[in-house]
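Structure assessment
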Amino acid sequence: MATETFEWCPRITSQVDITLRTRKAQFGDAYAQVAGDGINPKLPQWSVSFTGDEDYILAIKAFIERHGGWKSFRWKPPLEPEGLYRAETLQLSSHGNNIHTLSSTFIQAYHP
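About the cut-offs
- The written sequence of each chain sets the order in which its residues are numbered from 1.
- Totals for whole chains, interfaces and linings use all residues, but because this is a predicted model, local features are given only for residues with pLDDT of at least 70 and pairs of side-chain atoms are given and counted only at 80 or more.
- Hydrogens and water are ignored here; the side-chain numbers use all heavy atoms of the structure.
- Note on conventions: DSSP H or I runs of at least 4 residues are helices, E runs of at least 2 residues are strands, and numbering of each starts at the N terminus.
- Exposed residues in this analysis have more than 50% of their type's maximum accessible area, buried residues have under 20%, and partly exposed residues fall in between, with area computed by a 1.4 Å probe over protein chains only.
- Areas reported as accessible are Shrake-Rupley estimates using a 1.4 Å probe. Residue values count occlusion only from the protein chains shown.
- We score Asp and Glu as negative and Lys and Arg as positive, and we do not count His or the chain ends.
- To locate a charge, take NZ of a lysine, CZ of an arginine, CG of an aspartate or CD of a glutamate.
- By definition, residues are in contact when any of their heavy atoms lie within 4.5 Å.
- Pairing of aromatic side chains requires ring centres within 6.5 Å, counting the rings of Phe and Tyr and the six-membered ring of Trp. Pairs whose planes differ by under 30 degrees are stacked, by over 60 edge-to-face, and all others tilted.
- Paired strands are those between which DSSP finds at least two bridges.
- Each axis is a line fitted through C-alpha atoms, and for a helix only the stretch in contact is used; angles between axes span 0 to 180 degrees, taken between their N-to-C directions.

Per an unreviewed UniProt entry, the protein goes by Phage tail protein and derives from Superficieibacter electus.

Take a look at the structure:
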């Protein structure tokens, strides 16, 4: 199956947390040896949310659930090139008058 592309645009309040993974060996004389952990030590996680009517939110929910938290999809985050991402969780909230918000965390993946 081909990798799907996530086409929806998140709200402007999206935020990224980037973890730069390292391996560190600390020695007794305050000397430390530090190196990047693996070939992909940068791990961005985007907090995204989408607000809209029921049909709009249900389409996004169906896309995320179809990927089951383990299958990656293509997505172009702000200020970054397009990459592969996974969504392991989602939260839904209703605001009345047929307006809903879906929130999730998109975690960068390095394999489809």
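Attention now moves to the overall build of the protein. Regarding its fold elements, the protein presents 1 helix and 7 strands. Along the chain direction, N to C, the helices and strands of the protein fall in the order β-β-β-β-α-β-β-β. Taken along its principal axes, the extent of the C-alpha atoms in the protein is 65 × 35 × 25 Å. Evaluated residue by residue, the protein yields a buried proportion of 29% over its 112 residues. Surface accessibility of the protein: about 7,300 Å² in total, with carbon and sulfur atoms responsible for 54%. In the protein, 11 positive and 12 negative side-chain charges are present, and the distance between their average locations comes to 6 Å.

Moving on, we get to the side chain of Ser49. With respect to the helices and strands, the residue Ser49 is situated in strand 4 (residues 42-52). A relative accessible area of 12% places Ser49 in the buried class. Excluding residues within four positions of it along the chain, Ser49 makes contact with Pro10, Arg11, Thr13, Thr101, Leu102 and Ser103.

A few words now on unusual backbone geometry. Across residues other than glycine, the phi torsion is negative in most instances, and most of the peptide bonds are trans. Residues other than glycine seldom take positive phi values, yet Leu79 does so here, at roughly 65°. One can find Leu79 in the loop between strand 5 (73-75) and strand 6 (83-96). Located in the positive-phi region is Asn98, a residue other than glycine, with phi close to 60°. Secondary-structure assignment places Asn98 in the loop between strand 6 and strand 7 (99-109). When its relative accessible area of 41% is taken as the criterion, Asn98 is described as partly exposed.

Inspection of every chain in the model, using the stated rule, returns 12 aromatic pairs. Centre to centre, the rings of Trp8 and Phe63 are 5.6 Å apart; their planes meet at 70°, and the pair counts as edge-to-face. Placement of the pair is Trp8 in the segment before strand 1 (15-20) and Phe63 in helix 1 (residues 54-66), with a sequence separation of 55 residues. Residue Trp8 is classed as partly exposed on the basis of its relative accessible area, which comes to 23%. Exposure remark for Phe63: the relative accessible area of 2% places this residue in the buried category.

Bringing the sheet that holds strand 7 into the picture now. The strand order across the open sheet formed by 5 strands is 1-4-7-6-5, and the pairing between neighbours is antiparallel. Two strands lie at the open edges of the sheet, namely strand 1 and strand 5, each paired on one side alone. For this sheet the average axis-to-axis angle between neighbouring strands, irrespective of direction, equals 30°. Note: strand 5 against strand 6, 3 bridges, orientation antiparallel. Note that in strand 6 the partner of Trp75 across the bridge is Gly83.

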